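# Analysis of the macromolecular model
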Amino acid sequence: MPALLFWTFAAMTLVFGAAVVLNRNPIASALSLVLSFLGLAALFMGLDAFFIGIIQVLVYAGAVMVLFLFIIMLFDLRAEERRRINRVAVVGGSAVSLALFVQICLVVAELRGSHDQFPALPATRTDDVRDIGLLLFNNFNLPFQIIGVLVLVATIGVIVLSKRELR
Amino acid sequence: MNYFIILTSLMKILGVIFLIILPMVSYSVYAERRVSALIQDRLGPNRVGPAGLFQPVADAVKFLLKEDFTPAHVNTFYYWLAPCLAMVPAIATIAVVPFGSTLLGVPMVIADINVGVLYVFAIASLGVYGIVIAGWSSNSKYPFLGGVRSSSQMISYELSLGLAVIPIFLLVGQLRLTEIVRYQIEHGWMIAPFIGDWLNVQKWLLAIPMFVSFCVFTVAIFAETNRLPFDLPEAETELVGGYHTEYGSMKFALFFLGEYAAMITGSALIVTLFLGGWHLPIPSWNGGFHWTYITGDAEGWRGIAGGLFNIATFFGKVAMLLLVFIWVRWTLPRFRYDQLMRLGWVFFFEIALVNIFLAALMIAYFPA
């Protein structure tokens, strides 16, 4: 990926990530999050990880955020826009996130691999879909099946709970 | 970076959008009006030019010259953003679809990426934002209802859309759309494997789940493109104009064009996955029956003519499917909203799941 494209998409991810928090309008926040995800997907694709990039768009930007929007639109947004900013919460929140950021930086600086330069991408593109599939179904078949059962249990649980309320 | 690739890609993008998709969009609107008139025993637009053929030009001029009115009660930024968001994903999906063999040695696909069909689903799933934002930013109740309906409808039918194509990938073992077309050139179309050892019964048995996939996929494409009988987001009898009630002039036209562009890309996908893509084997008798293939590989003008023939074949197939879209629209009544949801979740979802199971069984135990 040319450096120009990398910086463009990195900036897009960060700017719209910040916009999620700074926007007063929840719909604008949700849409900023979509754009942030799209930037992230583009960064993945720059690393030749097409599968992860596409799944990022398909699952997060295309499905999860549509459901988010669906729920947000049912709320009364004017009340949210009129709400006053709580200074203490802003200062406290910034302090906590700054502390977390510093901690992450310190931990990463301690890591052994963090000072080495990353190896360049192989010149020929690997078929990442096939690689991920083979790895998933050969080496991690049991965990994969267990996750499937867990998701099924969660789905059935949600349906049972919501049906009970209806009755 | 290779400048040849950049230049040819740019030419392919501009050529596909401005020479093929946009004229096709405007003429499918014309076809819609003429065919609907034919079905309802009317004449339809036949005044502008011979048989009304210049009607799309007149319509475009009308849309551009109308007053571009923004109602006072809308959320202006999002109100302007929505029509663009409706148009862009519909056109962007065509990038991975192979629309021809080769022309002067250049493969006729804009981006041949290994996640092919997943890319299509990902971009198509972004198409719902245009409609949802239009419905929300209009600050009016009927558009809002249209937007809410559309978001739940698209999410429901995306499931059957995604599940319906899995049997194909079980068979081909690739997500790349050019590979799927190549498979169909060697073995015949997915729903009609008449090429190669076509007397093989197992191949035709395998075509049964493919045909079920084809039906589920086509119905899901109808729902994803908001076409009748699934056009609940803009049901005029209940919601005035649905999500675009508050829109006029060119902004309305963009929604309209977006819908037809989505139809074209949807048909292009159906053609690529199930109907053999760009190739058209011609039966010929030359010392025994065989199929003649036309590709763009030959030398000189024959190659160019072959490449153009493949492109024409592809868009000819797409045009046939567009006629089916129009035919269905003017034949079937609209479903009720609860019927639509029941159909999506109770019938098509289950059919697609059982179909995957059947296809997997056949591929595992009766390999063709």
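No experiment lies behind these values; they were computed from the predicted model shown. (Residues numbered from 1 in each chain as written. Chains lettered and ligands numbered in written order. Predicted model: local features only at pLDDT ≥ 70, side-chain atom pairs only at ≥ 80, totals over all residues.)

Next up on the list: the overall build of chain B. When helices and strands are tallied, chain B shows 13 helices and four strands. For chain B, whose C-alpha radius of gyration is 22 Å, the value lies close to the compact-globule estimate of 21 Å for 368 residues. Along the longest, intermediate and shortest principal axes, the C-alpha atoms of chain B span 70 × 55 × 50 Å. The 368 residues of chain B split such that 45% are buried. (Helix = DSSP H or I, 4+ residues; strand = E, 2+ residues; numbered from the N terminus. Rg over C-alpha atoms; globule rule 2.2 N^0.38 Å. Buried ≥ 20, exposed ≤ 12 C-beta atoms within 10 Å, placed from the backbone.)

Before going further, it helps to spend a moment on the environment of M73(A). Mapped onto the fold, M73(A) is located in helix α3 (residues 50-73). For M73(A), a count of 19 C-beta atoms within 10 Å gives the class partly exposed. For the pair formed by M73(A) and P26(A), sequence separation is 47 residues and the distance between their alpha carbons is 8.9 Å. Not counting the four nearest positions on each side in its chain, M73(A) is found in contact with W136(B) and V148(B). (Contact = placed C-beta atoms within 7 Å.)

Right, let's talk about the interface of chain A and chain B for a bit. Of the residues lining the interface, 15 residues belong to chain A; the matching set on chain B comes to 17 residues. Residues belonging to the side of chain A that touches chain B are distributed by class as follows: 13 nonpolar, one polar and one charged. (Nonpolar A, V, L, I, M, F, W, Y, C, P; charged D, E, K, R; others polar.)

Bringing the domain arrangement of chain A into the picture now. By convention, interface size is frequently given as the accessible area that disappears when the constituent parts associate. For chain A, the assigned domains read domain 1 (1-82), domain 2 (84-114) and domain 3 (127-167). Measuring from the centre of the C-alpha atoms in domain 1 of chain A to the corresponding centre in domain 2 of chain A gives 21 Å. (Domains from an automatic or database assignment.)

This next bit is on the environment of G130(B). Residue and element names in this part refer to chain B. By the secondary structure assignment, G130 is in helix α5 (residues 128-137). Since 26 C-beta atoms lie within 10 Å of it, G130 is described here as buried. Considered as a pair, G130 and G258 are 128 residues apart in the sequence and their alpha carbons are 9.6 Å apart. Excluding residues within four positions of it along the chain, G130 makes contact with A82, P83, L85, A86 and G258.

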